[in-house]
Every structure is written in structure tokens, then in C-alpha cells.
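One letter stands for each residue in the lines below.
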Amino acid sequence: FQINCFENDDIEVVHSLAKWKRMALKKYGFGVREGLYTNMNAIRKDEEVDNLHSYYVDQWDWERIIEKAQRNEETLKEIVCKVYQSLQETEDYMSVQYSYIKKTLPRDITFVSTYELEEKYPDKTPKEREYLAAKEHGAIFLMKIGDKLASGEPHDGRAPDYDDWSLNGDII
């Protein structure tokens, strides 16, 4: 593919991280309730570049095998709460190790869907909605990213071939 600022250079991405994670879980024989963590360095060819956004992204992600009966919102929320607790424990540890680090995470994470944010802030962009919700609650898990909202537009892009739009989300 081409990136706007590199007109004559072709850029190639070998694998989708999501597809790679699922392939690795199978290849390496992970069992139910086991998973893996990844730190991704990637290029997002369609990113709108500005002061906060770059073609280059560095983010962490993880994937876990669950039983079919666990594919529900309750399990998703339970796992999000465990991940959030680990972030709080890391914050606690770091604030003890380094006195200049202050604890800022709220006690609880708030669950909110893209549909609820659009209803609450219909005149805002998706990123503005995320910002306002995070500012209000301190920490949110934004659920159901990818499907079309009442406005006819998706909140944000997610690939339909490997992302379940009803059981996904981002911690913000």
C-alpha cells in the first residue's frame, strides 16, 4: 500500500495483529483461560495525521481463549475489571517507588457503549465523545466499537472479519 507522504514507496504489512494472535494461540497450543500479550509496532496507512496522531503506532494488546458459553457481555466486563485492577496495582506500585507519580485512576471503571455516547453527545465527534466521557468518569471501557450508530456512521473503525462489534471495546 501507499502512504500519502511516501508517494513512490510501497509499504507492506505482513500480518494483521488480531489474526496473528489467534493463529499463535492455536499454533502454540494455548488452552481455555490461557492467552498471550503482544506489544505492537505498526503503521496505520489510513490514519489522519495531526499533532496527536501518527502513521506509526505502538500499542499493547492481548488475546485469551474462552469457552463458547463465555462469549457474553458479563465475561467481557469481568475480564475488563481484572485488567483495570492490574493497572491500578501498577499505579500503586509506581507511586510508592517514585514519589512524583501521583495516583489518578478512579476506584472503578465505567462501562459505556458507543451508542450511549452518541445519544449523550450527538453533536460531538467520536473522539470528542470519548474525551468527555473519560473526563467525567476518569476511566471508561468503551464498548461496541465498529457497527453503525443511529447517525449511520461507526464510532471508529474495526475490521468486521475478525472483530465482534458487540463484544469489543477499549479501555480509556
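Predicted model only: the values in this text are computed from it and were never measured.

Quick word on the pattern of salt bridges
Alright, step 1. Scanning all chains against the criterion turns up 10 salt bridges.
Alright, step 2. With its nearest N and O atoms 3.1 Å apart, the salt bridge here joins D108 to R107.
Alright, step 3. A salt bridge links K127 to E130; the nearest nitrogen and oxygen atoms lie 3.6 Å apart. With K127 and E130 both in helix 4 (residues 126–137) and 3 residues apart, the pair spans about one turn of that helix.
Alright, step 4. Judged by its relative accessible area of 45%, K127 falls in the partly exposed class.
Alright, step 5. Look at E130 and you get buried, because its relative accessible area is 12%.
Alright, step 6. One connected set of salt bridges, linked through shared partners, spans K21, R22, D61 and E63.

Remarks on helix 2 (residues 73–97)
Alright, step 1. Its 25 residues give helix 2 an end-to-end C-alpha distance of 36 Å, which sits within 8% of 36 Å, the value for a rise of 1.5 Å per residue.
Alright, step 2. Buried within helix 2 are the following residues: T75, L76, I79, V80, V83, Y84, Q88, E91 and S95.
Alright, step 3. On its buried face, helix 2 is in contact with strand 2 (56–64), strand 3 (110–113), strand 4 (140–143) and strand 5 (169–171).
Alright, step 4. You can read the cap of helix 2 off the contacts: a side-chain oxygen lies 3.1 Å from the backbone nitrogen of E74, and it is on N72.

Describing the environment of Q85
Alright, step 1. Note that Q85 resides in helix 2.
Alright, step 2. Judged by relative accessible area, Q85 falls into the partly exposed class, the value being 42%.
Alright, step 3. Placed 24 residues apart in sequence, Q85 and I109 show a C-alpha to C-alpha distance of 9.2 Å.

Describing the packing of aromatic side chains
Alright, step 1. By the definition in use, this model includes 2 aromatic pairs.
Alright, step 2. Ring geometry for Y98 against Y100: centres 5.9 Å apart, planes inclined by 55°, an arrangement best described as tilted.
Alright, step 3. The exposure class of Y98 is partly exposed, given its relative accessible area of 38%.
Alright, step 4. A relative accessible area of 63% places Y100 in the exposed class.
Alright, step 5. Aromatic pair F111 and F141: ring centres 5.9 Å apart, planes at 65°, arrangement edge-to-face. Of this pair, F111 sits in strand 3 while F141 sits in strand 4; the two residues are 30 residues apart in sequence, bridging distant segments of the chain.
Alright, step 6. Positioned above the aromatic ring of F111 is the side chain of K77, whose terminal nitrogen or guanidinium carbon lies 5.4 Å from the ring centre.

Comments concerning the pairing of strand 1 (residues 35–43)
Alright, step 1. Burial along strand 1 is one-sided: L36, T38, M40 and A42 are buried, and none of G35, Y37, N39, N41 and I43, which face the opposite way, are.
Alright, step 2. In this sheet, strand 2 lies alongside strand 1 in antiparallel orientation, the contact comprising 9 bridges. Opposite M40, over in strand 2, you have Q59 as the bridge partner.

Criteria and cut-off values
- Residues numbered from 1 in each chain as written.
- Predicted model: local features only at pLDDT ≥ 70, side-chain atom pairs only at ≥ 80, totals over all residues.
- Heavy atoms only, no water.
- Salt bridge = Lys/Arg side-chain N within 4 Å of Asp/Glu carboxyl O.
- Helix = DSSP H or I, 4+ residues; strand = E, 2+ residues; numbered from the N terminus.
- Buried < 20%, exposed > 50% of the residue type's maximum accessible area, 1.4 Å probe, protein only.
- Expected span 1.5 Å × (residues − 1).
- Contact = heavy atoms within 4.5 Å.
- Polar contact = N/O pair within 3.5 Å; in protein donor to acceptor, adjacent residues only side chain to side chain.
- Phe/Tyr/Trp six-rings, centres within 6.5 Å; stacked < 30°, edge-to-face > 60°.
- Lys NZ or Arg CZ within 6 Å of the ring centre and 35° of its normal.
- Pairing = 2+ DSSP bridges.

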